[in-house]
Every structure is written in structure tokens, then in C-alpha cells.
Amino acid sequence: MYQLRVICRCFMLIGLLILLSVPAYSQVNESAAVHAVTYVDVLPESVNSALAALKQYRETSNTQAGYGSITLLEQLDRAGRLAIIEKWQSNAAFEGHLGSAAYANLQDKLRLLRTGSYDQRPYHSLLMDVEPSRVSETAVLILTHVDIAGGAQGMDTVLQQY
């Protein structure tokens, strides 16, 4: 029983992320929407600077055409492990954003704070059990991803069972 408790605690510590701020969602056609999940590690002493840069990035980005939302997350047990979930109305909007001053400014600010790469993963579909805008700022969320080799047909149904 003790081992099971330890394993569960480790899983929760690794996977739990705390919602830093709740974005306002705009209306987005889900079939055309593009999501980007970005993982970035920063020096523990630089977390506040990184979060300030990310919040400014979100504020600047929300005025761009095709903006859907940007949600910022921080891992509970590992200072400096951050995740950014972005939603854009279309691939064109997302691609246009990647060439924007807001994106370039964020990259410049994070370059000196990062301990690794800026790991951005664009997706045309992203399964979320709840919209982050519908939970409180102090809610604890779990962010995970599943890599699937071969065809992914029917995986939405399989993942929803869990």
C-alpha cells in the first residue's frame, strides 16, 4: 500500500500543473483551429521574469487577428518548468503570429532565461476535458500528451475513456 501511495504521489507531483491565469476565450471554429503546446524550462531564479514576459506576450497577442487564447501553466514540484497552450482560429493566423513582433519579443526575453529549447508542438486537434477559462486561477490541472505511432484513427474515443 505504501508503494502505491508513493507511486501515486510521484505521478501527481510530476504531472500536476497550476493554472497561473485564466484567459478569455474568443469564438473559434474548432475544425479549423490550430493549437500549440509549448514547453520551456527556465532557471528557477528567473521564473518571475519568465512569467512576466509570458503574460505580456499573451496581452500583446490577444489583439492579433485569429487569436483564440493563451493559457500559462507552471509545474508544481519543479520551479521553472512552464507550459503554454495557445489556440488560433486557423493555420494562417498561427503562422502569421509566428512572424509577429510579440512572438519575436518573447523569444528575445526567454533566450537569456531558458535552460533548454523552446519546445513548441503545433496540433490541429487537441483534446481537453475542460476549457481552462472555466476553472479558477488556483485550480490544479494535469497536462499530458500521448504520442501515437502509426494511424491515430479512433484515438479520441480511446483517450476519452480515461
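Scroll up to find the structure.
What counts, and at which threshold
- Residues numbered from 1 in each chain as written.
- Predicted model: local features only at pLDDT ≥ 70, side-chain atom pairs only at ≥ 80, totals over all residues.
- Heavy atoms only, no water.
- Phe/Tyr/Trp six-rings, centres within 6.5 Å; stacked < 30°, edge-to-face > 60°.
- Helix = DSSP H or I, 4+ residues; strand = E, 2+ residues; numbered from the N terminus.
- Buried < 20%, exposed > 50% of the residue type's maximum accessible area, 1.4 Å probe, protein only.
- Core = buried A, V, L, I, M, F, W, Y, C linked by side-chain atoms within 4.5 Å.
- Contact = heavy atoms within 4.5 Å.
- Polar contact = N/O pair within 3.5 Å; in protein donor to acceptor, adjacent residues only side chain to side chain.

1. Notes on the packing of aromatic side chains
- The final tally for this structure, using the stated rule, is two aromatic pairs.
- Taking the centre distance of 5.6 Å and the plane angle of 85° together, the rings of Tyr 67 and Trp 88 count as edge-to-face. Here Tyr 67, found in strand E3 (residues 67–75), pairs with Trp 88, found in strand E4 (residues 81–88); they are 21 residues apart in sequence, far enough to count as distant. For the pair Tyr 67 and Trp 88, a shared accessibility class is recorded, and that class is buried.

2. Some points on the nonpolar core
- Counting 24 residues, the largest nonpolar core has Val 42, Leu 54, Leu 82, Ile 84, Leu 106, Leu 110 and Tyr 118 as its most contacted members.
- Secondary structure elements with two or more residues in this core: strand E2 (34–41), helix H2 (47–61), E3, E4, helix H3 (91–98) and helix H4 (101–111).
- Examining the composition of this core, we find that six residues originate from one element, H2, more than from any other.
- Those residues in contact with Leu 110 that lie beyond four places of it in its chain are Ala 50, Leu 54 and Tyr 118.

3. Details of the environment of Asp 119
- Along the chain, Asp 119 falls in strand E5 (residues 119–123).
- In this view, Asp 119 contacts Val 37, Thr 38 and Tyr 39; residues no more than four positions away in its chain are not counted.
- A polar contact of 2.9 Å, which involves the side chain of Asp 119, links it to the side chain of Arg 121.

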